[in-house]
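Reading the structure
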2 protein chains.
Amino acid sequence: MRFRTVRTDDGATRAEVRLGGEWYATTADDVGALVAGPGWRSAASFTKPIPEPTAAVGSAPVVTTPRKIICCGHNYRAHIVEMGRPEPEFPTLFAKFADTLTAWNADMVLPGPAESVMLDWEAELAIVVGAVLRHADRETARAGIAGYAVANDFSVRSWQRRTPQWLQGKAFDATTPLGPELVTADEIDPADGLRITCRVNGIEEQTGSTDDLVFDPATLLTYISEFTTLRPGDVVLTGTPGGVGIAAEPPRFLRAGDVVETEIEGIGLLRNRITEHEPSRSAYGW
Amino acid sequence: MRFRTVRTDDGATRAEVRLGGEWYATTADDVGALVAGPGWRSAASFTKPIPEPTAAVGSAPVVTTPRKIICCGHNYRAHIVEMGRPEPEFPTLFAKFADTLTAWNADMVLPGPAESVMLDWEAELAIVVGAVLRHADRETARAGIAGYAVANDFSVRSWQRRTPQWLQGKAFDATTPLGPELVTADEIDPADGLRITCRVNGIEEQTGSTDDLVFDPATLLTYISEFTTLRPGDVVLTGTPGGVGIAAEPPRFLRAGDVVETEIEGIGLLRNRITEHEPSRSAYGW
């Protein structure tokens, strides 16, 4: 099945389910709340009584308020080899906040002048957790995956490099589009090798395959659940393949007017336009 | 004023306020919810009608479910000088989760055998945010501080050192006691130089003064609010002074039976006993 979260005309959000080629409303506020409740694994839950097809008013991150967003760096094998690094023994993990998320088609407002911000792209496969996981073994972790979505871990490199810890460059409000839909884990498997790409103004900058992960989704959830509890609606980002702007020679960064398309075969496409820094605007909100 | 969060006999939590030497119930679930509502800055809010003194059933972190916990490393000037490091230009920031928090008197269950875990102490001054802060200037940030509490950023060094990012060593569930109380910012000012100490089995291991911070509370909130929105109940930890176990020669780490006391003059005292690893126990929950 496929789920999405839309913004409604009263300013709230609502989870929807795709059935028979049409989107139907659910009673959940977002896909995170949906997968925290009962019945979401069965299409039958959404057809009695049959809801009306709905027209979305606006877009929202597929999960709007996860308690945890945990991201893995250095995870595509081909990119690690290309950079001459050894294969890592442990996943490199960092966190984002719910405020960091934005919609699949949201404009990405530069948080400062483009040349000083150094805004870069990072196409990523996102896992949405569908069960409580603590000290989970691989099988439990695998069964606890609700599904997959596309993310772009847009990174403010100038801030990321200020200190050894990356948080401040990775957690600017509304800089991680997450969507457009959640594809449930029974329908798609990253181990089958889904093509992941990032295009900037139509030019392919990143490409990789989701079967090239050093730490695959079940391994990541198993590892994370050793130190913290994962819950339905939590989000794990799995790293980015080669081709980021900062690794180019010379480095290339995003400017106002650029359009970034992030796509994973069989899951979906994010399309985000970079817009000018607005010194007077509060940058918060999606 | 002073606020605390207690666990009630129905398994929920409740914020309380200290008035005239006695603790009184409030209608808020925790101090985070309390400072997100109106009226908490005035004692008069809690005396009409006069509530009954209450007996706490159990302890809880002073804020139980912050949306954001942001921590600063390398922030005590004396410790930086002692280590021969230059004074940092920017704060080194990383995140924790609400699940990382625990009560001021909670047992700290070793997440594995003591010798492989390398559990270390880090006494810290905690800021609880009391306003929405985004692109805040110093004065706004200062006025947006609800108050201060004591924290210990217990760190699992073996995991922290696995990768360049510290998250996995800093975010083990229930390893950051936060409390015992929130002292409001009108009653105490870290710039006055409050003595901060950490004692292990009665022996002083860390000592410092809260006027020795490279990045003081208002500066940290100003800086953080440049990339993300801070909200009432969010928590910022301000770093630890010299004397952590990993810096000792030879390094010293915590073992079952150790008692760690973390104290800040005028704010309060945490007392946490280290207990044996329980392989069969889910480590989650305070």
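Residues numbered from 1 in each chain as written. Chains lettered and ligands numbered in written order. Predicted model: local features only at pLDDT ≥ 70, side-chain atom pairs only at ≥ 80, totals over all residues.

1. Comments concerning the overall build of chain A
Filter applied, for reference: Numbering goes from the N terminus for both helices and strands, where a helix is a DSSP run of H or I of at least four residues and a strand is a run of E of at least two. Three exposure classes are used. Buried residues have 20 or more other C-beta atoms within 10 Å of their own C-beta, exposed residues have 12 or fewer, and partly exposed residues fall in between, all C-beta atoms being placed from the backbone. Whether two residues are in contact is decided by their C-beta atoms, placed from the backbone, lying within 7 Å.
If you tally the helices and strands in chain A, you get 7 helices and 18 strands. For chain A, the C-alpha atoms occupy an extent of roughly 60 × 45 × 30 Å along the three principal directions. Within chain A, the fraction of its 286 residues that count as buried is 54%. Considering only contacts in chain A between residues 6 or more positions apart, those separated by 24 or more positions represent 74%.

2. What about the interface of chain A and chain B?
The cut-off we apply is this: Polarity classes work like this: nonpolar for Ala, Val, Leu, Ile, Met, Phe, Trp, Tyr, Cys and Pro, charged for Asp, Glu, Lys and Arg, and polar for all others, with Gly in that last group.
Across the contact, 28 residues belong to chain A and 28 residues belong to chain B. Among the elements that take part in the side of chain A that touches chain B, strand 6 (residues 92–96) of chain A stands out by supplying 4 residues, more than any other. Here the residues of the side of chain A that touches chain B are counted per class, giving 14 nonpolar, 8 polar and 6 charged.

3. A few points about the sheet that holds strand 17 (residues 259–264) of chain B
Residue and element names in this part refer to chain B. Rule in force here: Two strands pair under a simple rule: DSSP has to find at least two bridges between them.
Read across the open sheet, the 5 strands follow the order 8-18-17-14-15; overall the sheet is mixed. In this open sheet, the two strands that pair with only one neighbour each are strand 8 (108–109) and strand 15 (203–209). Pairing analysis gives 5 bridges linking strand 14 (residues 195–200) to strand 17, with the strands arranged antiparallel. Within strand 17, the residue paired with Thr 197 across the bridge is Glu 263.

4. A closer look at the nonpolar core
Put simply, the rule is: Joined through C-beta atoms within 7 Å, a set of buried Ala, Val, Leu, Ile, Met, Phe, Trp, Tyr and Cys residues constitutes a nonpolar core.
The biggest cluster of nonpolar side chains holds 166 residues, and the ones touching the most others in it are Ala126(A), Val128(A), Ala126(B), Val128(B) and Leu221(B). Once you skip the residues sitting within four places of it in the chain, Leu221(B) turns out to touch Val129(B), Leu133(B), Ala136(B), Ala141(B), Gly144(B), Ile145(B), Leu230(B) and Val236(B).

5. Considering the domain arrangement of chain A
Residues and elements named next belong to chain A. Defined as follows: Just so you know, the domain bounds were taken from an automatic or database domain assignment.
For chain A, the assigned domains are domain 1 (2–59) and domain 2 (69–275). Put simply, the middle of domain 1 and the middle of domain 2, counted by C-alpha atoms, are 25 Å apart. Every contact between the two is made by 9 residues of domain 1 and, on the other side, 14 residues of domain 2. Going through the elements one at a time, strand 1 (2–7) and helix 1 (31–36) are the ones with two or more residues in the side of domain 1 that touches domain 2. In terms of residue count, helix 1 provides more of the side of domain 1 that touches domain 2 than any other element does, 5 residues in total.

6. Re the sheet that holds strand 17 (residues 259–264) of chain A
One open sheet accounts for 5 strands, arranged 8-18-17-14-15 (chain A); its pairing is mixed. Of all the strands in the sheet, just strand 8 (108–109) and strand 15 (203–209) of chain A have a single pairing partner and so form its edges.

7. A look at the pairing of strand 17 of chain B
All names here are of chain B. With 6 bridges joining them, strand 17 and strand 18 (residues 268–275) adopt antiparallel strand pairing. Each bridged residue has a counterpart across the sheet, and for Glu 261 the counterpart in strand 18 is Arg 271. Between strand 17 and strand 18, which follow one another and run antiparallel, lie 3 residues, and Gly 266 among them has a positive phi close to 85°.

8. Some details on unusual backbone geometry
Leaving glycine out, the prevailing phi sign among residues is negative, and the prevailing peptide bond configuration is trans. Here Glu249(A) and Pro250(A) are connected by a cis peptide whose omega angle stands at -5°. Mapping Pro250(A) onto the fold places it in the loop between strand 16 (235–237) and strand 17. Even without a glycine there, the phi angle at Ala174(A) is positive, about 60°. Examined against the element boundaries, Ala174(A) turns out to sit in the loop between helix 6 (167–170) and strand 13 (176–184). By C-beta crowding, Ala174(A) is classed as buried, having 23 other C-beta atoms within 10 Å. With a phi angle near 50°, Asn201(B) is a residue other than glycine that sits in the positive phi range. Among the structural elements, Asn201(B) can be located in the loop between strand 14 and strand 15.

9. A closer look at the pairing of strand 15 of chain B
Residue and element names in this part refer to chain B. Judged from the 6 bridges that link them, strand 14 and strand 15 form a sheet pairing that is antiparallel. Bridging from a neighbouring strand, Arg 199 pairs with Glu 204 of strand 15. Hairpin connection from strand 14 to strand 15: 2 residues lie between these consecutive antiparallel strands, with Asn 201 at a positive phi of about 50°.

10. Here's the deal with the relation of the copies chain A and chain B
In plain terms, the rule: We superpose the copies by least squares over the C-alpha atoms of residues that have a pLDDT of at least 70 in both of them.
Between chain A and chain B, which share one sequence, the superposing operator has a rotation angle of 180° and an axial displacement of 0.0 Å; the RMSD is 0.0 Å. Taken together, the rotation angle and the small translation identify this as a two-fold axis. Most of the interface of chain A is mirrored in chain B: 100% of its interface residues are interface residues there too.

11. Details of the confidence of the model for chain A
Do not read the fine detail of predicted coordinates wherever pLDDT is low. Operational definition: Residue-level confidence of the predictor is what pLDDT reports, using numbers from 0 through 100.
Of the residues in chain A, 97% reach a pLDDT of 70 or more, and the chain-wide mean stands at 93. The ipTM, which scores confidence in the relative placement of chains, is 0.95 for this predicted complex, and the corresponding pTM is 0.96.

12. So, the environment of Gly147(B)
Residue and element names in this part refer to chain B. When you line up the elements, Gly 147 lands in strand 11 (residues 145–152). For Gly 147, a count of 25 C-beta atoms within 10 Å puts it in the buried group. Here the alpha-carbon distance between Gly 147 and Thr 219, two residues 72 residues apart in the chain, equals 15 Å. Excluding residues within four positions of it along the chain, Gly 147 makes contact with Val 128, Leu 182, Val 183, Thr 184 and Ala 185.

13. Digging into the environment of Tyr148(B)
Residues and elements named next belong to chain B. Positionally, Tyr 148 belongs in strand 11. Looking at Tyr 148, the number of C-beta atoms within 10 Å reads 27, which means it is buried. Sequence separation between Tyr 148 and Trp 23 is 125 residues, and the spatial gap between their C-alpha atoms is 18 Å. When near neighbours in sequence (up to four residues on either side) are disregarded, Tyr 148 contacts Leu 125, Ala 126, Ile 127, Val 183, Ala 185, Ile 188, Pro 190 and Ile 267.

14. Regarding helix 7 (residues 217–224) of chain A
All names here are of chain A. Among the 8 residues in helix 7, 6 count as buried, and that is most of the element. Those residues of helix 7 not exposed but buried are Pro 217, Ala 218, Leu 220, Leu 221, Thr 222 and Ile 224. Residues of helix 7 that are buried sit in contact with strand 5 (69–73), strand 10 (123–129), helix 4 (138–143), strand 11 (145–152) and strand 16.

15. Details of the environment of Thr240(B)
All names here are of chain B. Summarising the element assignment, Thr 240 is placed in the loop between strand 16 (235–237) and strand 17. Thr 240 gets classed as buried once you count the C-beta atoms within 10 Å, which come to 29. Sequence separation between Thr 240 and Ile 196 is 44 residues, and the spatial gap between their C-alpha atoms is 9.0 Å. Excluding anything up to four places from it in sequence, Thr 240 contacts Tyr 76, Glu 122, Ala 123, Glu 124, Asp 153 and Gln 206.

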